[in-house]
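Structure assessment
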Amino acid sequence: MSAERAEGKLLSHSPGSPTVLRILLGTQLRRLRTEKGISREDAGYSIRASHAKISRLELGQVSFKQRDVADLLTLYGVTDPAEREPLLALAKQANAPGWWHKYSDVLPSWFEVYIGLEGAASGMRTYENQFVPGLLQTPAYARAVIELAHEKAPRAELDRRVAVRTTRQKRLENGLMVWAVIDEAVVRRTLGSPEIMREQIAHLLHLTAERNVTIQIMPFDRGGHAAAGGPFSILRFPEPELPDVVYMEQLTSALYLDKPADSDHYMEVMDRLSLQAEEPKATRRFLERLLSR
């Protein structure tokens, strides 16, 4: 597929999604670089940057400078204006701010990347062993979770952090497919208050009826399971040019994996988790029993 056709296809799918535009452009640049056998170090030298910056550019994790893209295209032998212009135009559009930009005062840059990915994804599979996944949280539960990490934050800041989470949840209304495997400890552990937990469990029960949401509980009695390493999410995009992205959040940063060898491994783990966990119908009965107590 030519760069021009790829750009047009992407824009028709994801208008106003700068993160996915950056990923597509980064993917194109990585393909051009590897086809020429040019190292990240040499590519970085050509734009007065490090190999680490080239890696971030190719993953779509940072914004693009028009001059950098132009210099890289020249280095990669892309000199035909008909091939260069669509990619340069893509770089310009990819720098447009997303809706979350107005919340940048309460969002670390590494999480802004994730929000952009989430906003562009068509599907997500996630495993959680500590909290209800963010897209499935009630506002009260979300506030209780946020307060754990920001206990001294003023109320106005907490309100803004909760607003980010509830705004992200609009993706469910727009058809994002979510398949979540949740450890039983998540729904047993009280956060905020018993009332907040009951409301949260009732919300999960309500979501099980949604066609684009699948929820499975991983019960205690299943013992050890495939995700011993902790929670993670896999994001899939409607554009075939874009690879699946595995996201793992840490205390002050996040890890993004997009190599097929990595994403395939995590997808296999997720498949095993889904087989070990309660089936969706059994999960619904499990949540009903929790609420009846």
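Residues numbered from 1 in each chain as written. Predicted model: local features only at pLDDT ≥ 70, side-chain atom pairs only at ≥ 80, totals over all residues. Heavy atoms only, no water.

1. Considerations on the overall build of the protein
Rules: Numbering of helices and strands runs from the N terminus, with a helix taken as a DSSP run of H or I at least four residues long and a strand as a DSSP run of E at least two residues long. Computation of the radius of gyration draws on C-alpha atoms alone. For the globule rule, the value is 2.2 Å times the number of residues to the power 0.38. Throughout this description, buried means an accessible area under 20% of the type-specific maximum (1.4 Å probe, protein chains only), exposed means over 50%, and partly exposed covers the range between. The contact criterion used throughout is that any non-hydrogen atoms of two residues lie within 4.5 Å. Working definition of accessibility: Shrake-Rupley area with a 1.4 Å probe, residue cover restricted to the visible protein chains. All tallies of charge rest on Lys and Arg as positive and Asp and Glu as negative; His and the ends of each chain are not included. For the purpose of locating charges, the reference atoms are NZ of Lys, CZ of Arg, CG of Asp and CD of Glu.
Across its full length, the protein holds 14 helices and six strands. On C-alpha atoms alone, the protein measures out to a radius of gyration of 21 Å, which is about the 19 Å that the 2.2 N^0.38 rule sets for 293 residues. Dimensions of the protein, computed from C-alpha atoms along their principal axes, come out at roughly 70 × 45 × 30 Å. The burial tally for the protein puts 51% of its 293 residues in the buried class. In the protein, once contacts between residues fewer than 6 apart in sequence are set aside, the share between residues at least 24 apart is 73%. Element-wise, carbon and sulfur atoms account for 52% of the exposed surface of the protein, whose accessible area totals about 14600 Å². Of note, the protein has its 39 positive side-chain charges centred 2 Å away from the centre of its 38 negative side-chain charges.

2. Some details on the nonpolar core
What counts, and what does not: We define a nonpolar core as any set of buried Ala, Val, Leu, Ile, Met, Phe, Trp, Tyr and Cys residues linked to one another through side-chain atoms lying within 4.5 Å.
L136, Y141 and F237 are the most contacted members of the largest nonpolar core, which has 73 residues in total. Not counting the four nearest positions on each side in its chain, L136 is found in contact with Q169, L172, A180, Q200, H203, L204, L207, V213 and I215.

3. Observations regarding the sheet that holds strand β6 (residues 254-257)
Heads up, the rule is: Pairing between strands is defined by DSSP: at least two bridges between the two strands are required. All axes are obtained by fitting lines to C-alpha atoms, using only the stretch in contact for helices, and the reported angles, taken between N-to-C directions, cover 0 to 180 degrees.
An order of β3-β2-β1-β4-β5-β6 is seen for the six strands of this open sheet, with the pairing classed as mixed. Looking at the sheet topology across the chains shown, the edges are occupied by β3 (213-218) and β6. Averaged over all pairs of adjacent strands, the angle between their axes in this sheet comes to 15 degrees, without regard to strand direction. Where strand β2 (residues 177-183) lies against β3, six bridges are found, and the strand directions are parallel. Opposite I182, over in β3, you have I217 as the bridge partner.

4. Side note on the packing of aromatic side chains
Quick note on the threshold: By convention, a stacked pair of Phe, Tyr or Trp rings (six-membered ring in the case of Trp) has centres within 6.5 Å and planes under 30 degrees apart, an edge-to-face pair has planes over 60 apart, and any other such pair is tilted. Placement of a charge over a ring requires the Lys NZ or Arg CZ to be within 6 Å of the ring centre, with the centre-to-atom vector within 35 degrees of the ring normal.
Overall, the coordinates contain seven aromatic pairs when judged by the stated rule. Ring geometry for W110 against F111: centres 6.0 Å apart, planes inclined by 75 degrees, an arrangement best described as edge-to-face. A centroid spacing of 5.6 Å and a plane angle of 25 degrees characterise the contact between F111 and Y114, whose relative ring orientation is stacked. In this pair, F111 and Y114 are both assigned in helix α7 (residues 109-120), three residues apart and thus about one turn of the helix distant. As far as burial versus exposure is concerned, F111 and Y114 are alike and both buried. Through a chain of ring-to-ring contacts, three or more aromatic side chains come together here, namely W110, F111, Y114, Y247 and Y256. Here R125 stacks its cationic end above the ring of W179, 4.0 Å away from the centre of that ring.

5. Quick look at helix α13 (residues 260-276)
Here is the rule we go by: Multiplying 1.5 Å by the helix residue count minus one yields the expected span of that helix. What the arc describes is the spread of directions from the helix axis to the C-beta atoms.
For α13, which comprises 17 residues, the first-to-last C-alpha distance of 24 Å matches the rise-based estimate of 24 Å (1.5 Å per residue) to within 8%. For α13, every residue scored as buried is listed here: S263, Y266, M267, V269, M270, L273 and S274. Taken around the axis of α13, the buried residues stretch over an arc of 160 degrees, which confines them to a single face. Every exposed residue of α13 that faces more than 90 degrees away from the buried side is listed here: P260, A261 and L275. Summarising the contacts, the buried residues of α13 are in contact with β1 (123-128), β2, β3, β4 (232-236), β5 (245-249) and β6.

6. Comments concerning the environment of E288
Note that E288 resides in helix α14 (residues 280-292). It is 63 Å that separates the C-alpha atoms of E288 and D80, two residues lying 208 residues apart in sequence.

7. With respect to a positive patch on the surface
Basically, it comes down to this: Residues forming no salt bridge and having over 30% relative accessible area are the ones grouped into patches, like charges within 9 Å of each other and nonpolar side chains (Val, Leu, Ile, Met, Phe, Trp, Tyr) within 5 Å. Note on definitions: salt bridges are taken to be side-chain nitrogens of Lys or Arg within 4 Å of carboxyl oxygens of Asp or Glu.
Taken together, the side chains of K281, R285, R289 and R293 make up a positively charged region of the molecular surface. By the secondary structure assignment, R293 is in the segment after α14. Classification of R293 by relative accessible area gives exposed; the value is 65%.

8. Notes on the confidence of the model for the protein
To keep it simple, the criterion reads: Confidence scores here are pLDDT values: one per residue, from the predictor, ranging 0 to 100.
In the predicted model, the protein carries a mean pLDDT of 88, and the fraction of residues at 70 or more is 92%. Across residues 1-16, where pLDDT falls below 50, the model places 30 contacts with residues more than four positions away in sequence or in other chains.

9. Looking at helix α8 (residues 139-149)
Buried residues of α8: Y141, A142, A144, V145 and I146, and no others. Looking at the buried positions of α8, the neighbouring elements they touch are α9 (155-168), α11 (184-188) and α12 (194-207).

10. A closer look at the side chain of D68
As for its placement among the helices and strands, D68 is situated in helix α5 (residues 66-75). We classify D68 as buried; its relative accessible area is 5%. Filtering out sequence-adjacent residues up to four positions away, D68 remains in contact with I47, R48 and K53.

11. Focus: unusual backbone geometry
Trans is the common state for peptide bonds, and a negative phi is the common state for residues other than glycine. Look at R48: it is not a glycine, yet its phi comes out positive at around 60 degrees. Looking at the secondary structure, you find R48 in the loop between α3 (40-46) and α4 (51-58). R48 sits in the exposed class, given a relative accessible area of 53%.

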